[in-house]
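Structural overview for review
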Amino acid sequence: MSQKDSLLIHIDALYRSAIYLVKNENNAEDLVQEVYLRAFKFLQEDKEISNEKAWLFKILINTFINQYRKDKREPSLVDFDTIESFYGSIEEEAMVSTTAENEVGLDKLQDDDVKKALEELPDDFRMAILLSTAEGFSYKEISDIVKCPIGTVMSRIYRGRRMLKEKLTNYAKKHGYERE
Amino acid sequence: MNCNDIRKYFYAFIDNELDVEKNIEILAHLDMCYECSQKIEEERLLHKRVKETVCMVKAPAYLEHNILKSVAKKPNFFTLLKENLLLKSRLLPLTAIATVVIIAVSFFVIQSNLKKNDALYLAESEFHNYLKENLDPDIRSQSVKSIVEYFQNQTGLSVPLPVIKEDVQLVGAALPRIKGVQVPLIFYMHDETPIALFVVCNSDSLPGYGINIDFSRMKGVSKDNMMLYTDTGYCGSCQIIGWKEAGNEYVMISNLNSDKMMRILTKV
Ligand SMILES: [Zn+2]
Ligand SMILES: [Zn+2]
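So, here's what we can say about the structure.

The rules behind each value
- Residues numbered from 1 in each chain as written.
- Chains lettered and ligands numbered in written order.
- Predicted model: local features only at pLDDT ≥ 70, side-chain atom pairs only at ≥ 80, totals over all residues.
- Heavy atoms only, no water.
- Core = buried A, V, L, I, M, F, W, Y, C linked by side-chain atoms within 4.5 Å.
- Buried < 20%, exposed > 50% of the residue type's maximum accessible area, 1.4 Å probe, protein only.
- Helix = DSSP H or I, 4+ residues; strand = E, 2+ residues; numbered from the N terminus.
- Contact = heavy atoms within 4.5 Å.
- Pairing = 2+ DSSP bridges.
- Donors = N, O, S within 2.8 Å, 3.2 Å for Na, K, Ca; no water.
- Tetrahedral: all angles 85-135°; square planar, octahedral: opposite > 155°, others 65-115°.

1. As for the nonpolar core
In terms of nonpolar packing, the biggest core is built from 79 residues, with A:Val32, A:Tyr36, A:Val146 and A:Leu168 touching the most fellow members. The biggest single contributor to this core is helix H2 (residues 11-22) of chain A, with 9 residues. Ignoring any residue separated from it by four or fewer positions in sequence, one finds A:Val146 in contact with A:Ile61, A:Met127, A:Leu131, A:Val153 and A:Arg156. Ranked by size, the runner-up nonpolar core spans 22 residues in total, among them B:Leu161, B:Leu170, B:Ala173 and B:Met262.

Written as structure tokens, this is what we have:
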């Protein structure tokens, strides 16, 4: 298998992330195409690539931020340099969330609910969830892909999943009422 | 640790990011705490659900095909030229990237309804085409004789090539038709940037065919007993230099600055 072929194995993964990032099929195709053009160009220079999937996602995120994201940085975000500083920051939040979501039928959620909730998340949180939950990258890999300290990555994953759960709980409740 | 402390680590636990010690601690708590084990099941379910939903999306089948097609695009003529013709024949040192000089000889094809400097525009636009698109010359040759013969066969007319410095390498010629006008182009290679040289023969020597460039509207500079006329191309970035030599008019178009272009022309 050529190196090009082995990079193309990840086309579905790149595309599904792209579609959640740019939220439209045409742009997602353009974005993925751009990623591969850049990657292939790099191959010509005979450089070593150790983790192909992470490397391609790094190009994806970089291209997305440069070409598609209007506000390059979301000012509300705090950077956590270390894992400890992140855990320090969630001390109080954990105490607050004692709502009983288990009474709500999260299992009854539709695919469209999940899609919509994901799309509504701020870019950085959505990125963190796509990379961790969907693609299974390690926190260290994600920190390298999005060029952020690991504490920040953990914070985005934590807050992103929290927000997602909150949205989905609301949808589930809504469906619950509709059924009654 | 109490339930709240444990729950802070839930996501890292699900993601397998905890060290052994912490992992054991969480597992031990989950064993004895019904509420937390309920909660983590819920998180796991959600995790699975999100993963499944995202991973349902597949790239359209044509995308891979399109990507490969766009990469396999025919390499630019000048890239090919550099790789094959020049390197193999060792016309230039391997390190020198060649520059292209295009000569357009227009005397027999410019139609009478064209304004005087339309010829300039046509030459420049063809110069752009050959550089930006993957256009191949009609004939590849390093011999003046075969290029003169080529134009003779195609048009029945003799095309006099201008006198160019020795380090400018002849590589081929083309006879594209643009807006109904045939523009004979002769390709040269030189330094690192493209140049087009456009030749307008003296209309007196070829009655009925010629057109003169209006040099009077260009800036005149005297150099080595030669009058050079300079201007900026229609694209705004090309430079144009015109001069008269052996009864013909010549126009050189390139991305080089005018000083460099003059050095190519004048024999120092
Ligand atoms: Zn507990
Ligand atoms: Zn131009």
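2. Remarks on the pairing of strand E10 (residues 239-245) of chain B
Residues and elements named next belong to chain B. Judged from the 4 bridges that link them, strand E9 (residues 226-232) and E10 form a sheet pairing that is antiparallel. Note that in E10 the partner of Thr232 across the bridge is Gln239. Hairpin geometry of E9 and E10 is characterised by an intervening segment of 6 residues between the two adjacent antiparallel strands and by a positive phi of about 90 degrees at Gly236.

3. Digging into the coordination of the zinc ion (ligand 1)
Residue and element names in this part refer to chain B. Here the zinc ion (ligand 1) is held by the protein donor atoms Cys3 (SG), His29 (NE2), Cys33 (SG) and Cys36 (SG), which lie 2.1 to 2.3 Å from it. One can describe the site at the zinc ion (ligand 1) as tetrahedral: its 4 donor atoms subtend angles covering 102 to 114 degrees at the metal. Expressed as a motif, the donor residue spacing for the zinc ion (ligand 1) is C-x25-H-x3-C-x2-C. Each member of the pair, His29 as well as Cys36, is classed as buried.

4. Focus on the side chain of A:Ser17
Residues and elements named next belong to chain A. For Ser17, the position within the fold is in helix H2. Overall, the relative accessible area of 2% leaves Ser17 in the buried class. Ignoring sequence-local partners within four residues, the contact set of Ser17 consists of Phe57, Leu60, Leu130 and Glu135.

Just distances and angles here, no functional claims.
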